[in-house]
Amino acid sequence: MATDIKDTAHAVEAAAVMRLLPARPRLLALGEPTHGEDTLLDLRNKLFRQLVEQEGYRTIAIESDCMMGLVVDDYVTSGTGTLDEVMERGFSHGFGTSGANRELVRWMRAYNDGRPASERLRFAGFDGPLEITGAASPRQALTALHGYLSAHMDADLLPCTAETLDRLLGADDRWTNPAAMMDPAQSVGQSAEASQLRLLADDLLAMLDAQTPHLITATSRDDWDRARLYGRTATGLLRYHFWMADTSPSRMTRLVALRDQMMADNLLSLAEQGPALVHAHNGHLQRDKSTMQMWEGPVEWWSAGAIVSARLGERYAFLATALGTIRHQGVDTPPPDTVEGLLYALLEDRCVIDATRLATTLGDTQPAPRVSPYYGYSPLNPAHLAGNDAIVFVKDVPQIQRY
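What counts and how
Residues numbered from 1 in each chain as written. Predicted model: local features only at pLDDT ≥ 70, side-chain atom pairs only at ≥ 80, totals over all residues. Heavy atoms only, no water. Helix = DSSP H or I, 4+ residues; strand = E, 2+ residues; numbered from the N terminus. Buried < 20%, exposed > 50% of the residue type's maximum accessible area, 1.4 Å probe, protein only. Phe/Tyr/Trp six-rings, centres within 6.5 Å; stacked < 30°, edge-to-face > 60°. Lys NZ or Arg CZ within 6 Å of the ring centre and 35° of its normal. Core = buried A, V, L, I, M, F, W, Y, C linked by side-chain atoms within 4.5 Å. Contact = heavy atoms within 4.5 Å. Salt bridge = Lys/Arg side-chain N within 4 Å of Asp/Glu carboxyl O. Expected span 1.5 Å × (residues − 1). Axes fitted to C-alpha atoms, helices over the stretch in contact; angles between N-to-C directions. Parallel < 35°, antiparallel > 145°, perpendicular 65-115°, else oblique. Left-handed = near helix turned anticlockwise from the far one by under 90°. Nonpolar A, V, L, I, M, F, W, Y, C, P; charged D, E, K, R; others polar. Pairing = 2+ DSSP bridges.

J.: How would you sum up unusual backbone geometry? Please name residues and give values.
T.: A positive phi is found at histidine 93, a non-glycine position, where the angle reads about 60°. Relative to the elements of secondary structure, histidine 93 occurs in the loop between α5 (83–89) and α6 (99–112). If you check the backbone angles, aspartate 349 has positive phi at about 55° while not being a glycine. Residue placement: aspartate 349 occurs in the loop between α17 (339–346) and β11 (350–354). Residue classification places aspartate 349 among the partly exposed residues on the basis of a relative accessible area of 46%.

Laid out in structure tokens, this is it:
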């Protein structure tokens, strides 16, 4: 068994990854089992550079706020703003403090400098404007969509004025009230104003679709794609706020599913535009159902990766990352009867492994699930092996100090 596993291990390089796949995927998804480790992000950056230089990839999408990601994209494509401003305003979840993310943005800007628009790299956040503690106001997305349409269409065709939207939206802190996540009664998502906004957002998005030929001609495909992002985000946020106000036992299941649905919609839109590397937590990219223990009990839902895979087939590929140790977080040498333990004993440093061959080699031997002592790390689920196209294994994740 040991020889078979070693034979299927290759360096984590674009060429080796592509050899494991039936065709070049439109979306190549690289998962991570924990956030905040620059060792894993450095590996992602290296793979993205190779995909750009060798395989024609032009976009990277990460698990960050899709609206904030526009700030990063504007910088890497046209130099808008400064690197410091972009790292502060262009990432959610605290990802802007990462040295590896900063290096990614710096490299993309340098690569694009002087290149024609058709050859430039693009950056996208594909998460909704959501945190585990709540959701953003729909104001930014809704008013940006209305502004785009009103600038290029007869006002009589629009379902409302900007003033009407502003009145219905009210103060943003009504929407962002953190108490609403724990107490549905604190949410404004099922108020009369929110209900009217949902109808108006739907009408605005329908108008965007109906006027597609005119709008692309009057502006550009990029501007129209961005307006579609505004529309998806506005309707998604209003839907999310509606279910934040729900009092049924399925409330949290709906909310986590809606988040991944927003992610999936953004990824499917990116897939229409060209091949992209996608980076997020394994749980958002896997083909199997995701599970999480919440304060209201366990929840189960289809991840963004599962939704996208069902839609794209072989044009979606998923590489799950597994790791041996994160000693600075209390994650020590894995037990030998786990997938991570088996790989830790046999392999050196980091490699990519054919997941199908690994599952075949293991046969009826079902590895034990690894139990994480650190809440921020999710071990590989051995029952999900067959759902991965490959496994990226990183033996040790040291603590990186960047100054």
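J.: Hey, could you go over the packing of aromatic side chains for me, with residue numbers and the actual values?
T.: Taken as a whole and judged by the stated rule, the model has five aromatic pairs. Ring centres of phenylalanine 48 and tryptophan 107 lie 6.1 Å apart, and the angle between their planes is 80°; on these two criteria the pair is classed as edge-to-face. One end of the pair, phenylalanine 48, is in helix α3 (residues 38–55); the other, tryptophan 107, is in helix α6, and 59 residues separate them in sequence. Each member of the pair, phenylalanine 48 as well as tryptophan 107, carries the same accessibility label: buried. The interplanar angle of 70° and the centroid separation of 5.3 Å between the aromatic rings of tyrosine 374 and tyrosine 375 together place this pair among those described as edge-to-face. The exposure class of tyrosine 375 is exposed, given its relative accessible area of 79%. Among the aromatic residues, those joined into a cluster by ring pairs are Phe48, Trp107 and Tyr111. Between the NZ or CZ atom of arginine 115 and the centre of the ring of tyrosine 111, over which it lies, the distance is 3.7 Å. We note arginine 254 situated over the ring of tryptophan 243; from NZ or CZ to the ring centre the distance is 3.9 Å.

J.: I'd like a description of the nonpolar core, backed by residues and values.
T.: Ranked by size, the top nonpolar core spans 45 residues in total, and within it Leu28, Phe48, Val105, Met108 and Phe123 carry the most contacts. If you tally residues by element for this core, the top one is α3, at six residues. Dropping the residues within four chain positions of it, valine 105 is found in contact with Val72, Tyr75, Val76, Leu83, Val86, Met87 and Phe91. Core analysis: the second largest hydrophobic core is formed by 38 residues, Leu270, Leu312, Tyr344 and Leu380 among them.

J.: Could you give an account of the pattern of salt bridges, with specific residues and numbers?
T.: Enumeration according to the criterion identifies 19 salt bridges in this entry. Between arginine 122 and aspartate 73 there is a salt bridge, with its nearest N and O atoms 2.7 Å apart. On the criterion of sequence distance, the pair formed by arginine 122 in strand β4 (residues 122–127) and aspartate 73 in helix α4 (residues 69–78) is long-range, its members being 49 residues apart. For arginine 122, a relative accessible area of 27% gives the class partly exposed.

J.: Before we move on, can you summarise α3 with the specific residues and values?
T.: With 18 residues, α3 extends 24 Å between its outermost C-alpha atoms, agreeing within 8% with the 26 Å of an ideal straight helix rising 1.5 Å per residue. Listing the buried residues of α3 in full gives Asp38, Thr39, Leu40, Leu41, Leu43, Arg44, Asn45, Leu47, Phe48, Gln50, Leu51 and Val52. Positive phi shows up at glycine 56, right after α3, with a value of about 80°.

J.: Outline the side chain of threonine 338, supporting the account with residue identities and numerical values.
T.: Tracing the chain through its elements places threonine 338 in the loop between β10 (316–325) and α17. Dropping the residues within four chain positions of it, threonine 338 is found in contact with Pro367, Ala368, Pro369 and Arg370.

J.: Quick rundown of the packing of helix α7 (residues 139–152) against helix α11 (residues 192–210)? Include the residues and the values.
T.: At their nearest, the axes of α7 and α11 sit 10 Å apart, and the two run at 40° to each other. Between α7 and α11, the angle is such that the two are oblique. Every pair of crossing elements has a handedness; the one defined by α7 and α11 is left-handed. Contacts between α7 and α11 pair Leu142, Leu145, His146, Tyr148 and Leu149 from the former with Leu197, Ala201, Leu204, Leu205 and Leu208 from the latter. For the contact of α7 with α11, the class distribution of residues is nine nonpolar, one polar and no charged.

J.: Describe the pairing of strand β3 (residues 59–65), listing the residues and the values that go with them.
T.: Counting buried positions along β3 yields seven of seven residues, so the element is predominantly enclosed. Where β3 and β4 come together, five bridges link them in parallel fashion. Paired with aspartate 65 across the two strands is aspartate 127, which belongs to β4. Summarising the sheet, β3 and strand β7 (residues 276–281) pair through four bridges and their orientation is parallel. By the bridge assignment for β7, alanine 61 is matched with valine 278.

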